[in-house]
Amino acid sequence: SINQMANAYTLVASLTAPAGATTVTSNAFNVDGVLFAGTDQNTLSGNPLPDQLGRFTINGTTTTSSSILSVPYHINGMAQGGNFLFAGDPISNTLQRIDFNGNVLSSVTAAFPITCCNADMAFDAANNVLWHANNSETTPPSGGEIDKLDPTTGALITTYPLSDVAGVTFVGNT
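Residues numbered from 1 in each chain as written. Predicted model: local features only at pLDDT ≥ 70, side-chain atom pairs only at ≥ 80, totals over all residues. Heavy atoms only, no water.

Caption draft 1: Representation of the overall build of the protein chain. Across its full length, the protein chain carries one helix and 15 strands. In the protein chain, buried positions account for 32% of the 174 residues. Sequence-distant contacts in the protein chain: of pairs separated by 6 or more residues, those separated by 24 or more amount to 32%. As presented, the protein chain carries roughly 9900 Å² of accessible surface, and 54% of it is formed by carbon and sulfur atoms. (Helix = DSSP H or I, 4+ residues; strand = E, 2+ residues; numbered from the N terminus. Buried < 20%, exposed > 50% of the residue type's maximum accessible area, 1.4 Å probe, protein only. Contact = heavy atoms within 4.5 Å. Areas by Shrake-Rupley, 256 points an atom, 1.4 Å probe, with all protein chains shown as cover.)

Caption draft 2: Structural view of the nonpolar core. Judged by nonpolar contacts, Phe36, Leu53, Leu69, Val71, Tyr73, Ile75, Met78, Leu85, Ala87 and Ile98 together constitute the single largest core of 10 residues. Within the residue set of this core, elements represented by two or more residues are β7 (63-71) and β9 (85-89). Residues Phe86, Phe112, Met121 and Leu149 belong to the second largest nonpolar core, which totals nine residues. (Core = buried A, V, L, I, M, F, W, Y, C linked by side-chain atoms within 4.5 Å.)

Caption draft 3: Representation of the pairing of strand β10 (residues 94-98) in the model. A large share of β10 lies buried, amounting to four of its five residues. Hairpin connection from β9 to β10: four residues lie between these consecutive antiparallel strands, with Asn93 at a positive phi of about 55°. Two elements, β10 and strand β11 (residues 104-109), share five bridges in a ladder whose sense is antiparallel. Bridge pairing links Gln96 to Ser107 in β11. Linkage of β10 to β11, two consecutive antiparallel strands, is achieved through a turn of five residues, within which Gly102 is found at a positive phi near 90°. (Pairing = 2+ DSSP bridges.)

Caption draft 4: The arrangement of the sheet that holds strand β8 (residues 78-80) in detail. Ordered by their spatial adjacency, four strands build an open sheet running β8-β9-β10-β11, and the pairing between neighbours is antiparallel. The open sheet terminates on both sides in strands that have one partner only, identified here as β8 and β11. On average, adjacent strands in this sheet sit at an angle of 20° to one another, irrespective of strand direction. (Axes fitted to C-alpha atoms, helices over the stretch in contact; angles between N-to-C directions.)

Caption draft 5: Region of interest: the environment of Ala111. Mapping Ala111 onto the fold places it in the loop between β11 and β12 (118-124). Under the relative-accessibility criterion, Ala111 is labelled partly exposed at 28%. A C-alpha to C-alpha distance of 9.1 Å links Ala111 and Ile157, two positions 46 residues apart in sequence. Once you skip the residues sitting within four places of it in the chain, Ala111 turns out to touch Asn93, Leu149, Gly154, Ala155 and Leu156.

Caption draft 6: Up close: the confidence of the model for the protein chain. For the protein chain, mean pLDDT is 75; residues scoring 70 or higher make up 71% of the total. For the protein chain, helix α1 (residues 41-45) is the element with the lowest average pLDDT, namely 56, and β11 is the one with the highest, namely 94. Scored below 50 in pLDDT, residues 170-174 shows 12 contacts in the model against residues more than four places distant or in partner chains. (pLDDT = per-residue confidence, 0-100.)

Caption draft 7: Seen up close, the packing of aromatic side chains. Evaluated as defined, the whole model comprises three aromatic pairs. The interplanar angle of 50° and the centroid separation of 5.2 Å between the aromatic rings of Phe86 and Phe123 together place this pair among those described as tilted. Residue Phe86 is located in strand β9, and its partner Phe123 is located in strand β12; the two are separated by 37 residues in the primary sequence. We classify Phe86 as buried; its relative accessible area is 4%. Ring pairs connect the aromatic residues Phe84, Phe86 and Phe123, which therefore count as one cluster. In this structure, Arg97 is placed above the aromatic ring of Phe84, and the distance from its NZ or CZ to the ring centre is 4.7 Å. (Phe/Tyr/Trp six-rings, centres within 6.5 Å; stacked < 30°, edge-to-face > 60°. Lys NZ or Arg CZ within 6 Å of the ring centre and 35° of its normal.)

Caption draft 8: Expanded view of unusual backbone geometry. Within the chain, Asn93 stands out as a residue other than glycine whose phi angle is a positive 55°. Inspection of the secondary structure assignment puts Asn93 in the loop between β9 and β10. At Asn128, a position not held by glycine, the phi torsion is positive, near 50°. Of note, Asn128 is situated in the loop between β12 and β13 (129-135). Judged by its relative accessible area of 40%, Asn128 is partly exposed.

So, in structure tokens, the structure goes:
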């Protein structure tokens, strides 16, 4: 198990044979991190689709490269769910499960407020819930809330107004 990004990892395998021990070392390899970011700039500026999915690869601890993928849906909040991503689209009120190339794997009607201005999401795999923070069109902090969603059905489980969440403030459209 490797849980740290780094360059030049190797694996060592040892076998104990009747004639003695044999050790083999693999070639060096890197463990990279991948970060995904979606933009709803087209949605906010009134421009038509496509929106964009940014895929940033961190090689070891020093190099960053990126690619931008156009997607035929609005992205307003993303979360990684293992070998796929959740992408929230409050314009169509859907929660999409997408692959790392932006292709839609499944889509369900979600409990996003359609007037949602901007959102962030986090997937809690241990409890199988999707947390969705949104700043509605009303003046923060009274308009903001944190929603707990069922990631399979998109159904709203619980809503926490920001007045119930100590130390959280939405600023503008962030």
